[in-house]
Amino acid sequence: MALTRGADQKARVLVASNRGPVSYTVGEDGSLTAKRGGGGLVSGLSAIGPDADALWVCSALSDGDREAVRRGEGEPGTRMLDVPADVHADAYNGIANSVLWFVHHMLYQTPLEPVFDAEFRRQWASYETYNRAFAEALAEEAAPGAAVLVQDYHLTLVPGMLRDLRPDLRISHFSHTPWAPPEYFRMLPRDIAGQVLRGMLGADRLGFLTRRWADAFTACCEQFAGGTGGTRIGVHGLGADGEFLRERAHRPDVADRMAGLREEIGAGRRTIVRVDRTELSKNIVRGLLAYEQLLVDHPEWHERVVHVAFAYPSRQDLAVYRDYTAEVQRTAERINERFGTPGWTPVVLHVKDDFARSLAAYRLADVALVNPIRDGMNLVAKEMPVLSEEGCVLVLSQEAGAFEELGEDALAVNPYDVVETARALHQALTMPAGERAERAKRLAAAATALPPAQWFLDQLNALTAQSS
Ligand code: G6P
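Residues numbered from 1 in each chain as written. Predicted model: local features only at pLDDT ≥ 70, side-chain atom pairs only at ≥ 80, totals over all residues. Heavy atoms only, no water.

On to empty space enclosed by the protein. Applying the stated rule across the entire model yields 2 cavities of 30 Å³ or more. Considered as a void within the structure, the second largest cavity measures approximately 40 Å³ in volume. Contributing to the lining of the second largest cavity are S172, H173, F174, R205, L206, G207 and Q459. Of all elements in the fold, only β7 (170-174) and β8 (205-208) reach the threshold of two or more residues within the lining of the second largest cavity. (1 Å grid on protein atoms, 1.4 Å probe; cavity = no way out; pocket = protein on both sides within 12 Å on 5 of 7 lines; lining within 4 Å. Points joined across faces, edges and corners; volume = space filled by probe spheres on them. Helix = DSSP H or I, 4+ residues; strand = E, 2+ residues; numbered from the N terminus.)

Attention now moves to the site of the ligand. Neighbouring residues of the ligand: R19, Y92, W101, D152, Y153, H154, H176, T177, R277 and R315. In the model, an oxygen atom of the ligand is placed 2.7 Å from a nitrogen or oxygen of the R19 side chain. Within the contact set of the ligand, an oxygen atom lies 2.9 Å away from a side-chain nitrogen or oxygen of R277. Across the shell around the ligand, the residue classes break down as 3 nonpolar, 3 polar and 4 charged. (Near = heavy atom within 4 Å. Polar contact = N/O pair within 3.5 Å; in protein donor to acceptor, adjacent residues only side chain to side chain. Nonpolar A, V, L, I, M, F, W, Y, C, P; charged D, E, K, R; others polar.)

Bringing unusual backbone geometry into the picture now. Each neighbour pair has its own omega, and for E113 with P114 the value is 0 degrees, a cis peptide bond. Relative to the assigned elements, P114 resides in the loop between α3 (85-105) and α4 (118-141). Despite not being glycine, D152 has its phi angle at roughly 75 degrees, a positive value. With respect to the helices and strands, the residue D152 is situated in the loop between β6 (142-151) and α5 (158-165). Classification of D152 as buried rests on a relative accessible area of 10%. Despite not being glycine, R315 shows a phi value in the positive range, around 45 degrees. The residue R315 is located in the loop between β11 (305-312) and α12 (319-339) in this model. Given a relative accessible area of 12%, R315 falls into the buried group. (Buried < 20%, exposed > 50% of the residue type's maximum accessible area, 1.4 Å probe, protein only.)

Using the criterion set out here, one finds 30 salt bridges in the structure. The salt bridge involving R66 is made with D63; its shortest N-O contact spans 3.1 Å. One end of the pair is R66 and the other is D63, both in helix α2 (residues 63-70) and 3 residues apart, which spans about a single turn. One salt-bridge network, in which partners are shared between bridges, spans R79, E140 and E141. (Salt bridge = Lys/Arg side-chain N within 4 Å of Asp/Glu carboxyl O.)

This next bit is on the side chain of Q151. Relative to the elements of secondary structure, Q151 occurs in strand β6. Residue Q151 is classed as buried on the basis of its relative accessible area of 4%. A polar atom in the side chain of Q151 sits 3.2 Å from the backbone oxygen of L149. There is a polar contact of 2.8 Å between the side chain of Q151 and the side chain of H176. With residues near it in sequence (within four places) discarded, Q151 still touches V15, A16, S17, L41, H173, F174 and H176. (Contact = heavy atoms within 4.5 Å.)

Pairing in this open sheet of 7 strands is parallel, and the strands run β5-β4-β1-β6-β7-β8-β9 from one edge to the other. Whereas interior strands pair on both sides, the edge strands pair on one side only; in this sheet they are β5 (78-81) and β9 (232-235). Put simply, the sheet's adjacent strands are angled 20 degrees from each other on average, direction ignored. Judged from the 5 bridges that link them, strand β1 (residues 11-16) and β6 form a sheet pairing that is parallel. Residue pairing across strands places L14 opposite V148, the latter belonging to β6. Where helix α18 (residues 452-464) meets the sheet, its contacts fall on β1, β6, β7, β8 and β9, and the angle it forms with β6 comes to roughly 135 degrees. (Pairing = 2+ DSSP bridges. Axes fitted to C-alpha atoms, helices over the stretch in contact; angles between N-to-C directions.)

Right under this line is the structure:
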C-alpha cells in the first residue's frame, strides 16, 4: 500500500526493483527498526525531488519487511510487496541468482551444470508469479501515461506483463549486470529464453551500462526473437557520486578507521586494496593468488606491501556463495602462514561490512585491484581513484564494464591470468609518482562523468521524449 497517497492519487514516475531503499528488522520487544540503504538508484531517484509523485515498488525480503507491510508501516513513497517467502526464495535465489545471474556472468562449470529439470520449471513458475505481482502493483499505482523504470534481471518479465495491463504507460528496463552473448544465452531452455527476451522487449526503452552489454542483448534478440522490434536501446554508464563520497569520506568515523587500518598495515608500507561483496564474479581468490605470485617473484616486497582485502558477505542463502567465502578466507590464511612474519601480515582480510572502513581503505590505497571475471560496471573501480589520497594505480580486469571508460588509464589484466596480474601489481607498485598522479586524475574525471542523479534523469528524459 502506498503510504502517503490516497487511493485515487496515482504516481507519475515509478521505479521497480527487487531490493528497495529500506529494510526492516523486528526487535525483541516487537518494535520495527528501519534501515536505509545506499546505492546509485537511491541517490538517482532523489534527483527528481519530493514533489514528483514518485513511487518505488519493491519486494519484502525478510520477515521484518513482511511485518512492516502487514502493520501498514513503511517509508513514504515506497510500496513493498508482500510476496510469500517461498515464492520469493524460488524467484530470487532459485532463478534470479542461480540461473539468470550465472548466465549473464557466464559462471557455470558446464560439465555438471546447469540442469534444467522439473525443479527448475517449478521455480520458474514462482519467478512468473513474482514478476506478475510487480506488474499488477505498478498497473494499479501508475497515473495515465506515467513513466515506469523497471530494474534488473529479477524483473525481466515485468515490462511485457505491464504493457498488456497498461498500454498507456512509458516503460523502461535497466540492466545493472552484463548481458550474455548469444552462444551462452542459448543455454537457457528455448521457451524460457524467448520469454525473457519478449518480456524485456515489452519496454519502450532498454538501458545497459555499456555498449558491450547492449550489443550482446541485441545479438540475442536477432538470433532468438526476430530482432528488437520497436524497442529503443540506450547506454548509460553509471558513474561514482564524487561529491557525496568526498564529503562522507572526511567525517570523523572514517578518520578513526584510517588510524585502525594504519596500525594493522604497519608504518611505511604500500597498500594494494580491494573492496567487494563476496560475489562469485568478483574473482577474489585469483586476486589473492596473483598477490602470492608477486611475493614469490619479487621478494623485495616482503615486509613492504600489504594486501588489504574487504570481502563482504553476499547471498549467503546459497551454498556456492558460502563455499566461495570460505575459500577466500582459506587462501588469505595460507598466504599469511607462508609469508607472514611477527611484524608483517601480508593479507589483511575483513569480512564484516563496514562502509566507513571501506572509505578509509580507499583513501589509503596505493594500488586498487579490481579483477572481476565479468561485471556490469564495478563502481569500486570508479570510487577508489576519486578518494585515494596519493592517486592510486588501478589494476583493472578487461571484463569489467568500467573498462570501457577507464581502460586507457588503468593497467589492464585478463582476470584468469594470475601471472599477468602479479606483473601488473608490480608495475603498479613501481610506477613513478608523476605518472601515477596524472593517471589517477584522469581516472577520477572519467569515473565521475555521469553521477547517479544525472544517470537517472537521462533515462527518464529519454523515456518520456517522443523519440530518441
Ligand atoms: C549487484 C548487481 C545488481 C543487483 C544487485 C543485487 O549490485 O550489480 O545488478 O541488482 O547486485 O544484489 P542483492 O544483494 O540484492 O542480491
